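Close look at the chain arrangement
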Amino acid sequence: IKIDVEGGEYGVLKGGAATIKREKPVIIFEHGLGAADVYGTTPEMMYDFLVEKCGLKVSTMSAFLSDRKGFSKSQFTKHFYQNMDYYFVAFP
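In what follows, the accompanying structure is described. Please read these numbers as outputs of a predicted model, since none were measured by experiment. (Residues numbered from 1 in each chain as written. Predicted model: local features only at pLDDT ≥ 70, side-chain atom pairs only at ≥ 80, totals over all residues. Heavy atoms only, no water.)

1. Quick word on the overall build of the protein
The number of helices and strands found in the protein is five helices and four strands. Along the protein, helices and strands appear, N-terminal first, in the series β-α-α-β-α-β-α-α-β. The C-alpha atoms of the protein give a radius of gyration of 12 Å, which matches the 12 Å a tight globule of 92 residues would have. For the protein, buried positions account for 41% of its 92 residues. Here the contacts in the protein between residues at least 6 apart in sequence split such that 73% fall between residues at least 24 apart. (Helix = DSSP H or I, 4+ residues; strand = E, 2+ residues; numbered from the N terminus. Rg over C-alpha atoms; globule rule 2.2 N^0.38 Å. Buried < 20%, exposed > 50% of the residue type's maximum accessible area, 1.4 Å probe, protein only. Contact = heavy atoms within 4.5 Å.)

2. A word on the nonpolar core
Counting 20 residues, the largest nonpolar core has Leu-13, Ile-27, Phe-29, Phe-49, Leu-50 and Phe-76 as the members making the most contacts within it. Listed by contribution, the elements that provide at least two residues to this core are α1 (9-15), α2 (17-23), β2 (27-30), α3 (43-53) and β4 (87-91). Top element by residues in this core is α3. It accounts for five residues. Other than its neighbours up to four places away in sequence, Phe-29 contacts Ile-3, Glu-9, Met-46, Leu-50, Val-58, Phe-76, Tyr-86, Tyr-87, Phe-88, Val-89 and Ala-90. (Core = buried A, V, L, I, M, F, W, Y, C linked by side-chain atoms within 4.5 Å.)

Right, here's the structure in full:
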């Protein structure tokens, strides 16, 4: 699943929560300052939803392709707050 809705990704994900939990798809999404914060979405909210609620891992695309390990919450928030990346992938 690819989601690019200019900051509204969290709402889209929440709307699909049952399907995401059941199917465990790979989800490519944007999440960055200047868009997500307009909707009041923090990286902590995204991480908790995807990892804790849906049972997925989260990382950048390059990390996913090279080692398939997920970020810790602190790694994910660092990438967000320091504008290191804004393209991410959630995966089983």
